[in-house]
Each structure stands twice: as C-alpha cells, then as structure tokens.
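Report on the structure
The residues making up each chain are set out below.
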There are 2 protein chains.
Amino acid sequence: MKTIAEYSADVETALRALSFPGGKLASLYQPIEYALSAGGKRIRPVLTLMGADAFGGNASEAMRQALGIEIFHNFTLLHDDVMDKSDVRRGRATVHKKYDENTAILSGDTMLTLATKFVADVPDSKLRMVTDTFNDMALKLYEGQRLDMDFETSEKISLNEYLEMIEGKTGSLLGAAVKIGAIIGGASGKDAQAMYEFGVMTGLAFQIQDDWLDTFGDATTFGKPIGGDIMNGKKTYLYVAAFEEGGKTVEALHTAFNIAPGEMRVKTVTRLYEKLGMSEKCKKAVGHYSAKALKALNSTSLGEEEKEAFRKLAEKLIGRKK
Amino acid sequence: MKTIAEYSADVETALRALSFPGGKLASLYQPIEYALSAGGKRIRPVLTLMGADAFGGNASEAMRQALGIEIFHNFTLLHDDVMDKSDVRRGRATVHKKYDENTAILSGDTMLTLATKFVADVPDSKLRMVTDTFNDMALKLYEGQRLDMDFETSEKISLNEYLEMIEGKTGSLLGAAVKIGAIIGGASGKDAQAMYEFGVMTGLAFQIQDDWLDTFGDATTFGKPIGGDIMNGKKTYLYVAAFEEGGKTVEALHTAFNIAPGEMRVKTVTRLYEKLGMSEKCKKAVGHYSAKALKALNSTSLGEEEKEAFRKLAEKLIGRKK
C-alpha cells in the first residue's frame with residue numbers, strides 16, 4: 001500500500017491529465033475543469049484506490065472509478081453551491097459566480113453523467129455491482145441533501161433523523177467510494193459490504209466531529225471561524241441533541257438562538273451546550289461511530305498492513321485539523 | 001406489433017404504476033411524480049418498446065428502459081425550464097414554479113440518476129451496450145443544449161452548427177431510445193446502429209419541421225401561436241439558412257428583426273423568408289432527413305410489417321399537427 005499522500009498525488013495527477021472537449025464546447029467543459037481544479041484532500045477517490053490495492057488488485061485499475069467518484073463529489077458541491085447561493089468555495093469564486101447559474105446547472109448535469117460513465121469503465125464482469133453501488137449511493141445522497149434542506153424549516157428534528165441525513169449526505173459516498181475500489185480489487189461480496197460499512201461509519205464520525213469543531217474547535221486549525229453553525233442556526237448534532245434533552249436549559253437555549261447572530265449568541269449557546277454536556281455527548285458519538293467503522297474493517301479478510309492503512313485514513317479524516 | 005397508441009397507453013400505465021418513496025422523502029419524489037404526470041405522446045419510450053418488439057424481443061422486457069428514457073427526457077425539460085425561467089409547460093406550472101428552484105434542481109438530479117438506474121435494469125449480457133448508449137446520448141444532449149444556449153448570443157451561426165445542435169438536443173435521444181429497445185430485442189450491432197441513425201434523422205426532420213410550422217403552420221393545428229420564434233429572434237433553421245444566403249434581402253431581414261417584437265415584425269420577416277425561398281428550403285431539408293431516416297430503416301433486417309410501423313411513427317412525428 002502507498003501512503004495517503006501518495007494516493008492523493010496520483011489522483012491529482014490523473015485529474016490534471018484529463019482532457020475535455022474544447023472549441024465550441026469549451027463553454028460546457030471549461031467550468032467542469034475549473035470545478036475539478038479546486039484541489040482538496042481527494043479523500044473519496046483515495047478510498048477507491050486503497051480499496052482496489054488492499055484487496056489484491058492494483059490501484060491503477062481503479063483510477064477511472066476514483067476519478068468518477070471525485071467528479072460526482074464535485075458535481076454535488078457545484079449544485080449545492082447554486083442552491084445555497086454560495087459565492088466562494090476553497091477561496092475561489094463558485095462556478096455559478098465565475099460563470100452563471102445556467103452554466104452551473106448544465107455543466108453540473110454533465111458532470112453527473114461523466115461520473116457515471118467513468119465509474120462504468122470497468123471490466124464487464126464487475127459492471128453490474130459497480131454501477132448498482134454507484135447509482136444507489138447517488139440516490140441516498142440526494143435524499144440526505146433533501147432532508148438537510150427540509151431541516152432548515154423544521155421545528156423538531158430527532159437525533160435519528162439527523163443521523164439518517166448525514167448518512168445519506170456524507171456517509172454513503174465514502175462507503176460507495178471504498179466499496180467500488182474493493183469490488184475492483186476482487187473483494188468478496190461480504191468484504192465489499194463491510195468496507196461500505198466502514199466508509200459510512202467513518203463518514204458519520206467525521207460529520208459529527210465537524211459539527212463539534214465548528215463550536216469547540218480552534219479557529220486557526222479548523223480553517224473556518226468558530227461558531228458559524230450557531231450564527232446560522234444550523235441543525236447540527238449539538239443542536240439536535242441539545243433540543244432532545246428538554247427541560248429548563250433547553251428553554252434557555254431557545255432564547256439564546258433568538259439573540260441576533262453575533263458573538264453574544266455564539267458565547268451564550270456554547271455555554272449552554274457545555275452545561276447540557278453536549279461537547280462530551282458529541283465526542284462520545286464520534287467515538288461510537290469510529291468504533292463501528294473499525295469493527296467493520298476488522299471483520300474483513302484484509303491483512304494487518306491494509307487494515308492499518310484504512311485506520312490511518314479514518315484517523316486523518318476524523319481527527320482532521322483543517 | 002401494437003399500434004403507436006397502444007404502446008403509448010402501455011407507457012402511461014407503467015408510469016402511473018411507479019411508486020416513489022413518500023413520507024419524509026415526499027419533498028424529493030413528489031415533484032418527480034408531478035413532472036412525469038404531465039402527459040404527452042411518450043414518443044421516446046414508445047420507440048424503445050417498438051425497438052424491442054420489432055427485433056424479436058418483447059416490449060414488456062424493455063419497459064424499464066422505456067421508463068428510464070421518459071424519466072431522462074422529463075429531467076431535461078425540468079432543468080431546461082429552470083434555465084429558461086419558463087413558468088408553464090403543457091398548461092401547468094413548471095416544477096420550479098409549483099415548488100421552488102432548489103427543488104427543481106435537486107429533484108431533477110434525482111431523475112437523472114433514476115433514469116440511469118432504470119435503463120441499467122437489463123440482463124447483465126446487455127448492460128454494457130445499453131449503459132454506454134445511454135451515457136453517450138446524455139453527453140451529446142447536454143452538448144446540444146449548450147450550443148443552443150450559446151447561439152442566443154452568437155452573431156453568426158452556420159447551418160452545419162445548427163444541425164449539430166439539433167442532432168444533440170433532439171436527435172440523439174430519439175436515436176438512443178430506439179437503439180436501446182433494439183438491443184434488448186436482440187438486434188445485431190449493425191441493425192442497432194441503423195436504428196440509432198433512423199432515430200437521429202427522424203429527430204432532425206422533426207425539429208426542422210417544427211421550425212417551419214412555427215412560421216408557416218396553422219395556429220389551430222400547431223397548438224402554439226404562429227411566429228413565436230420570430231418574436232423571440234430564435235435561431236431556427238429558417239433564420240440560420242436565411243442569413244447564410246447573403247445579399248440585399250438579408251440586409252432587409254436584419255432590419256426586420258430590429259422591428260419591435262409584434263405582428264409587424266412577424267409579417268415582415270415571414271415575407272422575407274418567403275422571398276428568400278426559405279419555406280421551400282426548409283421543406284426540402286425535412287424531406288432530406290426523412291429520406292435518410294427511411295434509408296437507415298430499410299437497411300436493417302426488419303420485416304416489412306416492422307418497417308411500416310416505424311415509418312408510421314416517423315410520419316406521425318414529422319407530419320405532426322400538434
């Protein structure tokens with residue numbers, strides 16, 4: 001197995017080597033190249049390559065699928081940015097800002113089909129499993145995205161609903177990424193499914209940790225200002241879990257969220273979260289899903305070296321500082 | 001072979017029998033049901049069913065793919081309506097009007113993946129050909145859509161560019177619809193490709209005829225007010241062919257398109273189109289592509305009854321009154 005940094009560099013190189021139609025069609029494909037050139041850790045395609053390597057295949061056999069996964073991921077970001085009216089991503093103008101909204105919609109659609117095509121570029125014997133895994137994941141992701149949108153206007157969300165949402169929006173893609181790699185590498189059906197579970201559970205732990213960092217993290221290492229979620233009244237793990245508690249402190253929390261968005265609201269809500277033991281509860285949940293991920297990983301027939309590589313990746317993702 | 005009306009009714013019945021997730025996910029899937037319930041001739045899925053029947057298969061074996069094709073078609077309409085800011089389709093509010101724009105984007109994305117999934121629901125031995133045909137068609141369609149968008153702001157478009165655009169936007173889907181049916185029916189590679197050609201050429205003839213009807217048709221049978229394209233300065237076959245002529249009449253045409261949109265502009269442009277012989281040229285082109293479609297059809301190993309069924313469908317589509 002290579003290191004995560006090496007796999008990531010391989011993905012980056014392969015992405016840069018892609019050539020898209022130019023000329024008259026540049027207006028369709030240039031925004032796609034732009035979206036794909038934003039950089040990042042490329043964790044999802046790395047998972048695909050690692051899956052192939054770990055199960056006795058060769059990472060290079062899974063490169064098309066890894067790229068398909070990364071194109072899909074960036075397609076979801078692109079359409080999300082349109083829906084959220086976000087102007088900036090990774091310090092650059094978003095596609096609909098740099099070009100226009102119609103371009104973002106149409107080039108996004110193109111990315112989804114391109115991703116599907118890249119993923120389908122496997123030996124025929126693996127096409128059914130890979131294609132089904134990919135399409136089912138995509139539907140789960142849209143469902144998670146829809147739940148997230150609906151949460152914005154929901155009064156009461158249960159922790160289960162929150163978990164269902166992040167499983168769709170974050171977990172399913174990590175799960176499918178590694179499962180597709182595993183299938184290509186030659187994993188048994190049971191092992192491929194266990195790796196899916198590993199990916200999903202790692203995704204849950206990652207997302208809950210991200211929620212924690214947004215309130216209790218360190219601005220310099222988190223890479224974003226702390227308290228953004230509280231400012232926006234976002235339904236995070238902390239928010240949903242706190243409101244499930246009930247009682248007097250929760251009433252105070254209600255009042256705190258009615259403070260105008262600003263430092264005072266962030267401070268007050270953070271203090272109440274602490275009072276309710278939410279920081280601990282959140283960390284516990286991260287531990288819980290990390291443990292589930294590792295349990296799934298350990299259930300596979302992988303050797304110790306391979307397991308260790310995936311453990312490192314999960315740690316890097318969940319314990320991530322930026 | 002059944003009649004076109006019978007195939008169409010079968011599609012309608014199958015569409016109505018689809019059941020989508022409800023409950024919390026209704027906000028994602030209800031707009032899809034709404035979009036699919038708008039009715040219409042269902043020509044594209046009919047082509048898929050006919051393709052399967054004609055080549056010795058059974059239409060019912062191709063129903064999932066027919067539905068996939070229809071879902072894909074409606075996905076393109078849905079996102080087109082967002083991009084065009086169209087409020088009405090088939091006499092009903094468009095999805096982004098009835099719900100909202102973000103719903104139209106996300107439910108549209110979901111339709112694309114659903115369509116891909118339905119189309120992939122074939123025996124494994126046919127998955128590769130069917131999947132590749134579908135994905136390649138989708139990319140062609142987006143490319144055609146992009147060209148069409150860019151034409152709005154282009155000064156000069158050649159007839160070749162126009163034909164390329166409508167081949168992508170209209171022809172490729174008709175071609176892929178019938179080709180996928182043919183593959184499922186058991187057509188040889190050569191026959192499947194000839195049927196693709198038949199679909200594409202029928203699509204070109206249909207689109208050019210549609211351009212003609214918009215200027216020279218009869219409002220009561222066309223179903224839309226005559227002259228809409230002239231009012232909007234749309235780059236139709238007539239427009240592009242006329243400006244390719246050069247000379248004095250074209251200068252007059254330029255002036256005519258500067259008349260404020262209204263009856264006077266429509267009358268003046270129509271008269272100039274006639275003077276330039278555009279009505280005839282347009283009809284000739286329709287005949288040309290219809291003939292190409294029939295030539296492709298005749299080149300297949302199909303029996304006379306099957307050929308006749310496809311001829312009827314092409315006639316119905318191209319000679320369509322509404």
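Structure's up top.
A few points on the structure.

Cut-offs applied
Residues numbered from 1 in each chain as written. Chains lettered and ligands numbered in written order. Predicted model: local features only at pLDDT ≥ 70, side-chain atom pairs only at ≥ 80, totals over all residues. Heavy atoms only, no water. Contact = heavy atoms within 4.5 Å. Buried area = accessible area lost by both parts, 1.4 Å probe. Salt bridge = Lys/Arg side-chain N within 4 Å of Asp/Glu carboxyl O. Polar contact = N/O pair within 3.5 Å; in protein donor to acceptor, adjacent residues only side chain to side chain. Axes fitted to C-alpha atoms, helices over the stretch in contact; angles between N-to-C directions. Helix = DSSP H or I, 4+ residues; strand = E, 2+ residues; numbered from the N terminus. Parallel < 35°, antiparallel > 145°, perpendicular 65-115°, else oblique. Left-handed = near helix turned anticlockwise from the far one by under 90°. Nonpolar A, V, L, I, M, F, W, Y, C, P; charged D, E, K, R; others polar. Core = buried A, V, L, I, M, F, W, Y, C linked by side-chain atoms within 4.5 Å. Buried < 20%, exposed > 50% of the residue type's maximum accessible area, 1.4 Å probe, protein only. Phe/Tyr/Trp six-rings, centres within 6.5 Å; stacked < 30°, edge-to-face > 60°. Lys NZ or Arg CZ within 6 Å of the ring centre and 35° of its normal. Least-squares fit on C-alpha atoms with pLDDT ≥ 70 in both. Arc of directions from axis to C-beta.

A few points about the interface of chain B and chain A
Facing the 41 residues of chain B at the interface are 41 residues of chain A. At the boundary of chain B with chain A, total buried surface from both sides reaches about 3,900 Å², with 61% on carbon and sulfur atoms. When the area that chain B buries against chain A is broken down by residue, the three leading residues are Leu106(B), Arg128(B) and Arg146(B), summing to 16%. If you look at where chain B meets chain A, you find six salt bridges. Of the charged contacts in the structure, one is a salt bridge between Asp136(B) and Lys117(A), with a shortest N-O distance of 2.6 Å. For the interface between chain B and chain A, the tally reads 24 residue pairs in polar contact (both at pLDDT 80 or more).

A look at the packing of helix H4 (residues 63-84) of chain A against helix H8 (residues 159-185) of chain A
All names here are of chain A. Following both chains from N to C, one finds H4 and H8 inclined at 165 degrees, their axes separated by 10 Å at the closest point. With respect to H8, the element H4 is oriented roughly antiparallel. In terms of crossing hand, the pair formed by H4 and H8 is right-handed. Residues Gln-65, Ile-69, Phe-72, His-73 and Asp-80 of H4 lie in contact with H8, whose contacting residues are Lys-169, Leu-173, Ala-177, Ile-180 and Ile-184. The residue inventory of the contact of H4 with H8, partitioned by class, reads six nonpolar, two polar and two charged.

A few points about the nonpolar core
Ranked by internal contacts, the top residues of the largest apolar core, which has 238 residues, are Phe72(A), Tyr273(A), Phe72(B) and Tyr273(B). Residues within four places of Phe72(A) in sequence aside, it is in contact with Leu112(A), Ala115(A), Phe134(A), Met137(A), Ala138(A), Leu141(A), Tyr142(A) and Leu173(A).

Details of the packing of aromatic side chains
Tallied over the full model, the rule gives 22 aromatic pairs over all chains. Relative to Phe216(A), the ring of Trp212(A) lies with its centre 5.7 Å away and its plane at 35 degrees, an arrangement referred to as tilted. Of the two residues, Trp212(A) and Phe216(A) both sit in helix H9 (residues 189-216), four residues apart, roughly one turn of that helix. Here the aromatic rings of Tyr162(B) and Tyr237(B) are separated by 5.9 Å at their centres, their planes lie at 70 degrees, and the arrangement is edge-to-face. Of the two residues, Tyr162(B) is situated in helix H8 (residues 159-185) and Tyr237(B) in helix H12 (residues 237-245); the sequence distance between them amounts to 75 residues. Directly above the ring of Tyr34(A) sits Arg92(A), whose terminal nitrogen or CZ lies 3.9 Å from the centroid. Over the ring of Tyr196(B) we find Lys179(B); its NZ or CZ atom is 5.7 Å from the centre of that ring.

Things to note about the relation of the copies chain B and chain A
When chain B is fitted to chain A, the residual RMSD is 0.0 Å, and the transformation amounts to a turn of 180 degrees plus an axial shift of 0.0 Å. Here the copies are linked by what is in effect a two-fold axis.

Brief notes about unusual backbone geometry
If a residue is not glycine, its phi is most likely negative; likewise, a peptide bond is most likely trans. A positive phi angle, close to 50 degrees, is found at Arg90(A), a residue other than glycine. Here Arg90(A) is to be found in the loop between strand E1 (88-89) and strand E2 (92-93). A residue is classified by how much of its surface remains accessible, and Arg90(A), at 53% relative accessible area, is exposed. Look at Lys85(B): it is not a glycine, yet its phi comes out positive at around 50 degrees. Tracing the chain through its elements places Lys85(B) in the loop between helix H4 (63-84) and strand E1 (88-89).

Brief notes about helix H13 (residues 248-257) of chain A
Residues and elements named next belong to chain A. The set of residues buried in H13 consists of Thr-249, Val-250, Leu-253, Ala-256 and Phe-257. Mapping the buried residues of H13 onto a view down its axis gives an arc of 105 degrees, with all of them on the same face. The exposed residues of H13 that point more than 90 degrees off its buried face are Lys-248, Glu-251 and Thr-255. Among the structural elements, helix H11 (228-232), helix H12 (237-245) and helix H14 (263-275) are those in contact with the buried residues of H13.

Examining the pattern of salt bridges
Throughout the structure, instances matching the rule amount to 30 salt bridges over all chains. The salt bridge partner of Asp10(A) is Lys2(A), with a shortest N-O separation of 2.6 Å. In this structure Asp10(A) comes out as partly exposed when scored by relative accessible area, which is 25%. Taking relative accessible area as the criterion, Lys2(A) reaches 41% and is therefore assigned partly exposed. Its salt-bridge partner being Arg42(B), residue Glu70(B) comes within 2.7 Å of it at the nearest N-O pair. Placement of Glu70(B) in helix H4 and of Arg42(B) in the loop between helix H2 (26-36) and helix H3 (43-54) is noted, with a sequence separation of 28 residues between them. Classification of Glu70(B) as buried rests on a relative accessible area of 3%. Salt bridges sharing partners connect three or more residues here, namely Glu12(A), Arg16(A), Arg42(A) and Glu70(A).

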